[in-house]
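Letter by letter, the chains look like this.
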Amino acid sequence: MNTEEAKQMPLDEVFSKLSSSKAGLSMAEAEARFKKNGPNEISEKRISPLRKFLGYFWGPIPWMIEIAAILSALIRHWEDFGVIFAMLLINSAVGFLQEYKADNAIELLKKRLALKARVLRDGKWAEVLARTLVSGDVIRVRLGDIIPADIKLLEGDYLLVDQAALTGESLPVEKHSSDIGYSASIVKQGEMDALVIGTGSNTYFGKTAKLVSEAKTRSHFQKAVIKIGDYLIVIAIALVAVIFMAALFRHEGFFQILQFALILVVASIPVAMPAVLTVTMAVGASILARKEAIVSKLVAIEEMAGVDVLCSDKTGTITKNELTVKELKPLGGFGDADMLLCGRLASREEDKDPIDDTIIARAAAAGGSDDYRIVSFKPFDPVNKRTEASIEGADGSKFKVTKGAPQAILSLVENKDLISGEMESAVDEFASKGYRSLGVARTDKAGLWQYVGLFAIYDPPREDSLETIKTAEEMGLNVKMVTGDHAAVAREIAREVGAGENILPASSFLDKPDIEAQKIIEEADGFAQVFPEHKYKIVEELQAKNHIVGMTGDGVNDAPALKKADAGIAVAGATDAAKSAAAIVLTKPGLSVIIDAIRESRKIFKRMNSYAIYRIAETIRVLLFMTFAILIFNFYPVTAIMIVLLAMLNDLPIMMIAYDKTKIYPGPVSWNMRRVLSISTVLGVIGVFASFGMFWIGRELFRLGLPEIQTLIFLKLAVAGHMTIYLARTGEEPFWHKPYPALSLVLVCESTKVIATLFAVYGIFMRPIGWGLALFVWGYSIAFFVITDFIKIRVDKMMDHFGIRFSRGVQAA
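Below you will find a few notes about this structure. Computed from a predicted model, the values in this text were never measured in an experiment.

What counts and what doesn't
Residues numbered from 1 in each chain as written. Predicted model: local features only at pLDDT ≥ 70, side-chain atom pairs only at ≥ 80, totals over all residues. Heavy atoms only, no water. Helix = DSSP H or I, 4+ residues; strand = E, 2+ residues; numbered from the N terminus. Buried < 20%, exposed > 50% of the residue type's maximum accessible area, 1.4 Å probe, protein only. Contact = heavy atoms within 4.5 Å. Core = buried A, V, L, I, M, F, W, Y, C linked by side-chain atoms within 4.5 Å. Polar contact = N/O pair within 3.5 Å; in protein donor to acceptor, adjacent residues only side chain to side chain. Pairing = 2+ DSSP bridges. Axes fitted to C-alpha atoms, helices over the stretch in contact; angles between N-to-C directions. Parallel < 35°, antiparallel > 145°, perpendicular 65-115°, else oblique. Nonpolar A, V, L, I, M, F, W, Y, C, P; charged D, E, K, R; others polar. Salt bridge = Lys/Arg side-chain N within 4 Å of Asp/Glu carboxyl O.

**A look at the overall build of the protein chain**
Working step 1: Scanning the protein chain from terminus to terminus reveals 29 helices and 22 strands.
Working step 2: Within the protein chain, the proportion of its 813 residues that are buried is 53%.
Working step 3: Long-range contacts, defined here as pairs at least 24 residues apart, represent 73% of the contacts in the protein chain between residues at least 6 apart.

**So, the nonpolar core**
Working step 1: Formed by 82 residues in total, the largest nonpolar core has its most connected members in Phe260, Leu264, Val638, Ile713, Phe714 and Leu715.
Working step 2: Residues within four places of Ile713 in sequence aside, it is in contact with Phe625, Pro637, Val638, Ser691, Met694 and Phe695.
Working step 3: Formed by 36 residues, the second largest nonpolar core is a distinct cluster that contains Leu288, Val295, Met304 and Ile469.

**A closer look at the side chain of Arg121**
Working step 1: Tracing the backbone shows Arg121 in strand β1 (residues 116–121).
Working step 2: For Arg121, a relative accessible area of 9% gives the class buried.
Working step 3: A polar atom in the side chain of Arg121 sits 2.6 Å from the side chain of Asp137.
Working step 4: Apart from residues lying up to four places away in sequence, Arg121 is in contact with Leu25, Met27, Ala30, Thr132, Leu133, Val134 and Asp137.

**Things to note about the pairing of strand β8 (residues 186–198)**
Every other side chain in a regular strand lies on the same face of the sheet, so the side chains alternate between the two faces.
Working step 1: In terms of burial, β8 is a largely internal element, 12 of the 13 residues being buried.
Working step 2: In this sheet, β8 lies alongside strand β3 (residues 138–142) in antiparallel orientation, the contact comprising five bridges. From the neighbouring strand, Val141 faces β8, where its bridge partner is Met192.
Working step 3: Direction of pairing for strand β4 (residues 150–153) relative to β8: antiparallel, over a ladder of four bridges. Along β8, the bridge assignment pairs Leu153 with Ala194.

**Notes on the sheet that holds strand β20 (residues 549–553)**
Working step 1: Taken together, eight strands build an open sheet; the order of strands is β9-β22-β21-β20-β10-β17-β19-β18 and the sheet is mixed. The outermost strands of the open sheet, each flanked by one partner alone, are β9 (293–295) and β18 (503–505). Taken pair by pair, the neighbouring strands of this sheet meet at an average axis angle of 20°, ignoring direction.
Working step 2: The sheet contact formed by β20 and strand β21 (residues 567–570) spans four bridges and is parallel. In the sheet register, Gly553 faces β21, and the bridge partner there is Ala570.
Working step 3: Contacts from helix α24 (residues 591–633) reach β9, β10 (309–313), β17 (478–482), β20, β21 and β22 (584–586), with the element oriented near 155° to β10.

**Thoughts on the packing of helix α25 (residues 640–656) against helix α28 (residues 743–762)**
Working step 1: Across the interface, α25 lies against α28 with an axial gap of 8 Å and an inter-helix angle of 170°. When the interaxial angle is binned, α25 and α28 end up roughly antiparallel. On the side of α25, the interface is formed by Leu645, Leu649, Leu652, Pro653 and Met656, while α28 contributes Ser744, Leu745, Val748, Cys749, Thr752, Ile755, Ala756 and Phe759.
Working step 2: For the contact of α25 with α28, the per-class residue count stands at 11 nonpolar, two polar and no charged.

**A few points about the environment of Lys535**
Working step 1: Within the element layout of this structure, Lys535 appears in helix α21 (residues 532–544).
Working step 2: It is 9.7 Å that separates the C-alpha atoms of Lys535 and Lys564, two residues lying 29 residues apart in sequence.
Working step 3: Not counting residues up to four positions away in its chain, the partners in contact with Lys535 are Asp313, Val482, Val530, Met551, Thr552, Gly553, Asp558 and Ala561.
Working step 4: Looking at Lys535, its side chain comes within polar contact range of the side chain of Asp313, at 2.9 Å.

**Thoughts on the environment of Ala247**
Working step 1: Positionally, Ala247 belongs in helix α9 (residues 220–249).
Working step 2: Residue classification places Ala247 among the buried positions, given a relative accessible area of 1%.
Working step 3: The spacing of Ala247 and Ile257 is 10 residues in sequence and 7.0 Å in space, taken between C-alpha atoms.
Working step 4: With sequence-adjacent residues up to four places away left out, Ala247 is seen in contact with Glu252, Ile257 and Tyr636.

**Topic: the sheet that holds strand β14 (residues 398–404)**
Working step 1: One open sheet accounts for six strands, arranged β11-β16-β15-β14-β13-β12; its pairing is antiparallel. Two strands bound the open sheet, and with one partner strand each, they are β11 (324–330) and β12 (372–381). Within the sheet, the average angular offset between the axes of one strand and its neighbour, ignoring direction, is 20°.
Working step 2: Here seven bridges tie β12 to strand β13 (residues 386–393), and the two strands are oriented antiparallel to one another. If you follow Arg373 over to β13, its bridge partner there is Glu392.
Working step 3: Set on the sheet, helix α15 (residues 354–366) makes contact with β11, β12, β14, β15 (436–443) and β16 (449–458); between it and β11 the angle comes to about 70°.

**Here's the deal with the pattern of salt bridges**
Working step 1: By the definition in use, this model includes 35 salt bridges.
Working step 2: As a salt-bridge pair, Glu191 and Arg348 come within 1.9 Å of each other at their nearest N and O atoms. Of the two residues, Glu191 sits in strand β8 while Arg348 sits in the loop between α14 (336–345) and α15, which places them 157 residues apart along the sequence. Side by side, Glu191 and Arg348 carry an identical accessibility label, which is buried.
Working step 3: Note that Asp596 is salt-bridged to Arg599, the shortest N-O span being 2.8 Å. Note that Asp596 and Arg599 are positioned in helix α24 at a spacing of three residues, about one turn of the helix.
Working step 4: The exposure class assigned to Arg599 is partly exposed, which follows from its relative accessible area of 24%.
Working step 5: Three or more residues joined by partner-sharing salt bridges are found here, namely Arg140, Arg142, Glu191, Asp193 and Arg348.

Right under this line is the structure:
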């Protein structure tokens, strides 16, 4: 049975067709249907591993390597052919393995973010993965849910559903019993039970959606690194073209020159850049996942590094979200027992709502009559800020109860003028103690609402909030608390956790000119009585003042603000709609998880920054040296096969940068091309002088022949090149400063240098030079390494003097 058929059928007939009932399926029947029909998901078109691997032999860079290999065969340089072909295989294997690891990491993250559904099986409500739903299941959908399958609505008042992404309807659609709800649409209001009528590819969404690959957005940092790559490619091709023309002018062999030129271009272009980017992001995402922060978009990690204003929810993030009823304040002649009865009847245990659970637990502890039946129940609505239930007593009497925001309850009652003063006084008194107020009311025999009283609800601050906010300030983060609570409650909690006491109500910046609103928002320590739409305004105005904003949220109406923020963060327990809009989803409550995510993102920025500096410096060093040596001295300092070996030896250390230990920047970071280019150019130019120094020593002091000089230069480029990684990773500090390089980086760097040394000493693919000259090259490279480090620090301090820095925040205390 398809969705359109079910749309026309009465409920009884649909139940009959699906062999189900309002009591749902048994677990055994659900498992049998799952085995028969498969999971509730649209299967993705997967590329076979073999095809993925072969893809690494296709493209501009592989073509250059393949042409160079063919040319080597044509001119019968079989050694060159073997090494170049090995380079092609190794590049492909490394790229394939890194992509495989990254894909696995991303797949694990997707599983952590999988949607869940509330389903009725064996007569009990349970939470299961949405992918395990089958036709005939009875589920409950509520505010903030993404509908997990095509459904036919059963019981409940109504749903307000946003299905714009599926049908193009711009406004949410109201749906009632027997209406159809489409998979992937979002519940904006209401709560209803429903019957699953279609899953996976048999849903409206599954049949109409075109399976296209997800659009990959690039962050600011990725764009900058890709620009560097393009810049290096242009430089490489231009300089190699000069070398090629000079060689032709000197009437050298065309094929030999073409082979050399192609190999030099390949060695100079940052071939590993996409793999380094992906692996670094995936490694960072895996680390964050272990710390209970799931990344839904890899690029968000980089954006988190630049966050300088964090707008944090109070409840569950700064506070524990462990609610207790501290005081009762009956109004209008009612007593404590009346309050507890009405509060309990206006709550529903199976919804697992923290406020409902608190009220029910307090009422149960006090005891009381259970001679009441809940006829209908309206869950909490963020628009009218309350729940409502219709009740029938044992004697047949009928009345309604409601609980919610004190002002929302006040707007219902008849005697609001008489009771408002007493209510507001109680609310203010509770707020001064850090207690939230929750109003409760009931209707009388005439159907008129009467204010029964106020609950004082206390949500204590988390033990680590004070220390975490202090740490955040040291990291250059401005934490602004955002809450829907009374301003006095927010100020009391802010005082306890050291978040500043300049807490303003949302009304302080609404309807103000943009410039005035921006000043108020920027200077405030936090905001109270905030509705979800106010969050969007806060983000918008802070961004207008050039702040990089992180915003937390959990509700369906928080989604626009989470999307608008540079780093949208869905907190633990967030609705499906909030999770789908956020860049990072927390699975553990607390502010410390967010701070960990920001700290980790700054480490990733540092690793990427190290890679960029190293790659530019190496390209400048090799290309300029090769160009000047050929043009001025008419001498090829290294052979084609040596260039291939250098490129292969460079690949592994570059990959290890993703796992390196790094120092965390003391403030929010931003990409600074001037600083990167300045430092890398200095490192590269010093390397050129060092290489010419080695060339002069080999020719004038040691009186070596040209083949021996080429081996000497090859070893110098290999040893000094990998030392440049150590220079790039420490930035503005000496190379010996902590944190020391990761063991994996050191082992790979030193291993590749040892391999290059063995090639040079024993003459593998080159003329041997012996251990004496090899040790001299090591000593020479280490000496220049120390000199270069000293110059790098001086240049870095000069950059600081002119205000050219990566970190935008204050220095750590």
